[in-house]
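The residues making up each chain are set out below.
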Amino acid sequence: MYRTWLLVQAVVWRALMRVGMLLHDLTSPRPPRPAFTRTIPFASSCSRRVVLHFYCPPEYQKRVQEGHRFPVVVNFHGGGFTLGSPTDDSRWAMCILNETAAVVVSVGYRRAPEHPFPAAVDDGVDALLYLAEHAAELGLDVSRVALSGFSAGGNLAVTRLVDSSSSSSVDVDSLRIVAIFSWYPILDFEQSRDHRRAMSIMPDKTLPAFLTTLFDDSYLPDHQDRTSPFASPALAQDDMLADSLPPEVFLYVCEWDMLLNEGQQFVRRLQRLGKKVRAMMIEKAPHAWDKSPNPFRDQDRVNVLYRDACADMKVIFEK
Ligand SMILES: *[C@@H]1O[C@H](CO)[C@@H](O)[C@H](O)[C@H]1NC(C)=O
């Protein structure tokens, strides 16, 4: 009964978020649409549907035919694992296309409550395996993959931990993740939302409880799962983080977000583990500050940060 109620709420909020993103996209210049999509085929389960949305640089088809291989950014959208769609980050994709020569693949992972943890994590891993398997025909250089994500997607960018011992026939050895760009991720589900909200700088500016309860109960109905490192990477063992995360990690936190503290702690931890971490706190900004539905918002403020991130990404891809 409670799951049905969660689903009803999720369906309503998905529709509202859709409207919000339509308004968000109105701001000039309009962001690009994906050039094409691919649906990952799954033999075993016909209800499993994972669609990959491709944003491509100019002359992509021609250059693929000439044998060119593009670096890849695999992106995970936000929405508490419950809402949101792979086209929500099209302004981020536009910036990547403007500033780097990479292809952006935004993953339509399965959402909760229909598909609770670890469905989204599994879909992220399968997206990477699919891209590795089809790298030649898609013109991708999977030895240069960056992961990016926003909010819940920022969590998925960190928690997808490709298991190279998996029985898959794909040559995962060729797959190399060189960097992560994680924007205001949730990293620790063990801490209660009430506690995090109370500890935040501007509790009134944090996501309201009716949303965070919807997200957390939808994605992690089994409370034991909340301590899994694949849900809460902040709780992973040191060696697991050291081995599974790439050498370069970019982490962006918002000053008014209840996720600020766990983000900053995670940054210090990764630094101790020898990762090259670039952390940035976006001042006077609430969670998901870059996704405002106000068409008259200050998009330049967002683009400046996006462009800085993409400049670093370009350098990493060109190494
Ligand atoms: C991308 O480039 C276009 C054309 O130069 C520009 O109008 C747009 O603002 C750029 N977008 C971002 C996010 O940098």
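Residues numbered from 1 in each chain as written. Predicted model: local features only at pLDDT ≥ 70, side-chain atom pairs only at ≥ 80, totals over all residues. Heavy atoms only, no water.

Some thoughts on the side chain of Ser200
With respect to the helices, strands and loops of the structure, Ser200 is situated in the loop between α7 (193-199) and α8 (209-219). Once residues lying within four places of it in the same chain are set aside, the contact partners of Ser200 are Thr206, Asp257 and Met258. (Helix = DSSP H or I, 4+ residues; strand = E, 2+ residues; numbered from the N terminus. Contact = heavy atoms within 4.5 Å.)

A look at the site of the ligand
Close to the ligand lie Pro29, Arg91, Met94, Cys95, Asn98, Asn303 and Arg307. Measuring from an oxygen atom of the ligand, one finds a side-chain N or O atom of Asn98 at 2.3 Å. In this structure, an oxygen atom belonging to the ligand sits 2.9 Å away from a side-chain N or O atom of Arg307. For the ligand, whose accessible area on its own is 360 Å², the fraction buried by protein is 60%. Of all elements in the fold, only α3 (90-99) and α11 (299-318) reach the threshold of two or more residues within the shell around the ligand. Among the residues making up the shell around the ligand, the classes are represented as 3 nonpolar, 2 polar and 2 charged. (Near = heavy atom within 4 Å. Polar contact = N/O pair within 3.5 Å; in protein donor to acceptor, adjacent residues only side chain to side chain. Areas by Shrake-Rupley, 256 points an atom, 1.4 Å probe, with all protein chains shown as cover. Nonpolar A, V, L, I, M, F, W, Y, C, P; charged D, E, K, R; others polar.)

Structural notes on the UniProt feature "signal peptide" (unreviewed entry) in the protein chain
Per the UniProt record, "signal peptide" (unreviewed entry) is found at residues 1-22. A distance of 32 Å separates the end C-alpha atoms of residues 1-22, which is 95% helix and 0% strand. (UniProt positions renumbered as here; feature names shortened; annotations may be inferred.)

Points about the packing of aromatic side chains
Scanning all chains against the criterion turns up 21 aromatic pairs. Ring centres of Phe36 and Phe54 lie 4.5 Å apart, and the angle between their planes is 15°; on these two criteria the pair is classed as stacked. Placement of the pair is Phe36 in strand β1 (residues 36-39) and Phe54 in strand β2 (residues 51-55), with a sequence separation of 18 residues. Residue Phe54 is classed as buried on the basis of its relative accessible area of 0%. Both rings, one in Trp92 and one in Phe150, keep their centres 6.0 Å apart while their planes meet at 80°; by these two values the pair is edge-to-face. One end of the pair, Trp92, is in helix α3; the other, Phe150, is in strand β5 (residues 140-150), with 58 residues separating them in the sequence. A single burial state applies to Trp92 and to Phe150, both of which are buried. (Phe/Tyr/Trp six-rings, centres within 6.5 Å; stacked < 30°, edge-to-face > 60°. Buried < 20%, exposed > 50% of the residue type's maximum accessible area, 1.4 Å probe, protein only.)

Looking at the nonpolar core
Counting residues in hydrophobic clusters, the biggest one holds 58 residues, and the most contacted among them are Leu52, Val74, Leu131, Val145, Leu147 and Tyr219. Examining the composition of this core, we find that 7 residues originate from one element, helix α4 (residues 119-133), more than from any other. Setting aside its immediate chain neighbours within four residues, Leu131 contacts Leu52, Phe54, Val72, Val74, Val105, Leu138, Leu140 and Val142. Counting residues in hydrophobic clusters, the runner-up holds 30 residues, among them Ile96, Leu97, Cys254 and Cys310. (Core = buried A, V, L, I, M, F, W, Y, C linked by side-chain atoms within 4.5 Å.)

Structural notes on the sheet that holds strand β7 (residues 248-254)
Each strand in a sheet pairs with its neighbour through backbone hydrogen bonds, running either in the same direction (parallel) or in the opposite one (antiparallel). The strand order across the open sheet built from 8 strands is β1-β2-β4-β3-β5-β6-β7-β8, with neighbouring strands paired in mixed fashion. One side of each edge strand has no neighbouring strand; the edge strands of this open sheet are β1 and β8 (276-282). Geometrically, the sheet is characterised by an average inter-axis angle of 20° between neighbouring strands, direction not taken into account. Bridge count for strand β3 (residues 70-76) against β5 is 6 bridges, and the pairing is parallel. Note that in β5 the partner of Val74 across the bridge is Leu147. (Pairing = 2+ DSSP bridges. Axes fitted to C-alpha atoms, helices over the stretch in contact; angles between N-to-C directions.)

Focus on unusual backbone geometry
Of note, the bond from Ser28 into Pro29 is cis; its omega dihedral lies within 30 degrees of zero at -5°. Here Pro29 lies in the loop between α1 (2-26) and β1. Cis geometry marks the peptide bond from Ala112 to Pro113; its omega dihedral reads 0°. Mapped onto the secondary structure, Pro113 falls in the loop between β4 (103-108) and α4. Although it is not a glycine, Phe81 sits at a positive phi angle of roughly 70°. Overall, Phe81 belongs to the buried group, its relative accessible area being 2%. Positive phi, normally seen in glycine, also occurs at Ala288, with a value near 55°.

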